[in-house]
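# Fold and contact review
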Amino acid sequence: MRPLMHAIKTSRYRAVDAAYRRRPAVVGDVASIGARLAGNNALVTIAFADANAARWQIALVRHYVPNAVHVIADNSPTEEAAARLRHVCEAERALYVRLPKNPWTGKAPSRSHGIALNWVWHNLIRPHAPHAFGFIDDDLFPTAPDDPFAPLAAQDIFGQVRRIGERWFLWAGFCMYRFDRVAELPLDFGQDWFIGLDTGGGNWDPLYSRLDIATLREAETSFVPFKEGLPVADGPLQWCGSWLHEVGLMGRPELAEEKRATVERIITPHLAAALRPYVATEHAALG
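The paragraphs below set out a description of the structure included in this document. The model shown is predicted, which means the values in this text are computed figures rather than measured ones.

## Concerning the pattern of salt bridges
Scanning the model with the defined rule gives 12 salt bridges in all. Its salt-bridge partner being arginine 260, residue aspartate 50 comes within 2.6 Å of it at the nearest N-O pair. Separated by 210 residues along the polypeptide, aspartate 50 in the loop between strand E1 (41-47) and helix H3 (51-64) and arginine 260 in helix H7 (residues 256-286) bring together distant segments of the chain. Both residues of the pair, aspartate 50 and arginine 260, belong to the buried class. For the salt bridge of arginine 62 with glutamate 92, the shortest nitrogen-to-oxygen distance reads 3.7 Å. Here arginine 62, found in helix H3, pairs with glutamate 92, found in the loop between helix H4 (79-91) and strand E3 (95-98); they are 30 residues apart in sequence, far enough to count as distant. A residue is classified by how much of its surface remains accessible, and glutamate 92, at 14% relative accessible area, is buried.

## Thoughts on the pairing of E1
The element E1 is largely enclosed, with a buried count of 7 among its 7 residues. Side-chain alternation along E1 places Asn41, Leu43, Thr45 and Ala47 on one buried face and Ala42, Val44 and Ile46 on a second face that is also buried. With 7 bridges joining them, E1 and strand E2 (residues 68-74) adopt parallel strand pairing. Note on E2: the bridge partner recorded for leucine 43 is histidine 70. For E1 and strand E4 (residues 132-137), the ladder comprises 6 bridges, and the chain directions are parallel. The partner of alanine 42 across the bridge, within E4, is phenylalanine 133.

## Concerning empty space enclosed by the protein
Left-over empty space is what a probe sized like a water molecule reveals as it rolls over the atoms. Summed over the entire model, instances satisfying the criterion amount to 1 cavity of 30 Å³ or more. Size it by volume and the largest cavity reaches roughly 30 Å³. As for the largest cavity, its lining consists of Gln155, Ile157, Phe158, Gly159, Val161, Leu170, Leu216, Arg217 and Glu218. For the lining of the largest cavity, the element with the most residues is strand E6 (residues 157-164), which contributes 4 residues. Counted by class, the lining of the largest cavity contains 5 nonpolar, 2 polar and 2 charged residues.

## Quick word on the layout of surface pockets
In this structure, the largest pocket encloses a volume near 840 Å³. Lining the largest pocket are 33 residues; nearest its centre among them are Pro109, His113, Asp137, Asp138 and Leu249. Every element with two or more residues in the lining of the largest pocket is listed here: helix H5 (109-125) and strand E7 (167-178). A breakdown of the residues in the lining of the largest pocket according to their chemical character gives 13 nonpolar, 11 polar and 9 charged.

## Thoughts on the side chain of arginine 111
Within the element layout of this structure, arginine 111 appears in helix H5. Buried within the structure, arginine 111 lacks any salt-bridge partner; aspartate 188 is the closest side chain of opposite charge, at an N-O distance of 7.5 Å. Of the polar contacts made by the side chain of arginine 111, one reaches the side chain of glutamine 191; its length is 3.3 Å.

## Here's the deal with the packing of helix H2 (residues 30-37) against H5
Running from N to C, H2 and H5 cross one another at 80°; their axes reach a closest spacing of 9 Å. Overall, the two elements H2 and H5 adopt an arrangement that is roughly perpendicular. Residues Val30, Ile33, Gly34 and Leu37 of H2 pack against Trp119, Asn123 and Leu124 of H5. Looking at the contact of H2 with H5, its residues break down into 5 nonpolar, 2 polar and no charged.

## Quick notes on the environment of isoleucine 266
Relative to the helices and strands, isoleucine 266 resides in helix H7. Sequence separation between isoleucine 266 and glycine 241 is 25 residues; the distance between their C-alpha atoms is 15 Å. Residues contacting isoleucine 266, with those up to four places away along its chain left out, are Leu237, Trp239 and Leu244.

## Re the sheet that holds strand E8 (residues 221-225)
Taking strand neighbours across the sheet as the criterion, the 4 strands line up as E5-E10-E9-E8 in an open arrangement whose pairing is antiparallel. Each edge of the sheet is formed by a strand with only one pairing partner; in this case those strands are strand E5 (140-142) and E8. Put simply, the sheet's adjacent strands are angled 25° from each other on average, direction ignored. In the sheet, E8 pairs with strand E9 (residues 236-240) via 5 bridges, with the strands oriented antiparallel. From the neighbouring strand, valine 224 faces E9, where its bridge partner is leucine 237. Along the sheet face, H3 touches E5 and strand E10 (243-245) and points at about 30° away from the line of E5.

Cut-offs applied
- Residues numbered from 1 in each chain as written.
- Predicted model: local features only at pLDDT ≥ 70, side-chain atom pairs only at ≥ 80, totals over all residues.
- Heavy atoms only, no water.
- Salt bridge = Lys/Arg side-chain N within 4 Å of Asp/Glu carboxyl O.
- Helix = DSSP H or I, 4+ residues; strand = E, 2+ residues; numbered from the N terminus.
- Buried < 20%, exposed > 50% of the residue type's maximum accessible area, 1.4 Å probe, protein only.
- Pairing = 2+ DSSP bridges.
- 1 Å grid on protein atoms, 1.4 Å probe; cavity = no way out; pocket = protein on both sides within 12 Å on 5 of 7 lines; lining within 4 Å.
- Points joined across faces, edges and corners; volume = space filled by probe spheres on them.
- Nonpolar A, V, L, I, M, F, W, Y, C, P; charged D, E, K, R; others polar.
- Lys, Arg positive; Asp, Glu negative; His and termini not counted.
- Polar contact = N/O pair within 3.5 Å; in protein donor to acceptor, adjacent residues only side chain to side chain.
- Axes fitted to C-alpha atoms, helices over the stretch in contact; angles between N-to-C directions.
- Parallel < 35°, antiparallel > 145°, perpendicular 65-115°, else oblique.
- Contact = heavy atoms within 4.5 Å.

This is how it looks when you write it as structure tokens:
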């Protein structure tokens, strides 16, 4: 009976996804944002109730990844959290869209993330045809000049690969795609949990299964403890090249504040460098 149950549940998940992506944005001019993306490199963050992380990421992406049009897609679970995030985006003059109320909030974080990615793909990216696009986690911070789209000159996709047996997929927190190579594919950034693939694994059948992984350049990645003497599993940080990932959902909960303080300490000099030209420009504009 297992294949039958899997088929029934998969049909249900797809129906929920299809209904969700037909809903309009709660806040944000999708057409206007889409026009900014057309023909450019689009970098979209699925944000979740973390205003401080958004403030840091916006500044660092603006400074270190200047060839990307950065969009914050707000998947926060409450209106209060969304209001704080929107305030940050307005203060930083960042592109912002508040996604519809997510049916998986509080039930299944990975499904919540996947359905948010699919909404962005169907409503923001696919209709407006950027040159390339990518998704990043909201607690991922560049710490050096980088062009995550550069590898797409020689291949269709780029990111951190996760392998599950003979299958693989790009981690949904750092994944880049050439739009013209995937525009006509039935992409699904959700899970394919029944074959063991987490968020983003729904693209195994329409995309990844058709590519030869041996020919692809992958993003370099490593996990380290946030402080000396701590097992990695108790407080991991992840490096994706020069991008620092806080890995907010992993580790001992009682260490979360200390880990956040460590992340802030690491990126503080980069934030200072990022803010200097921005402040100078603001002063010049004011005369």
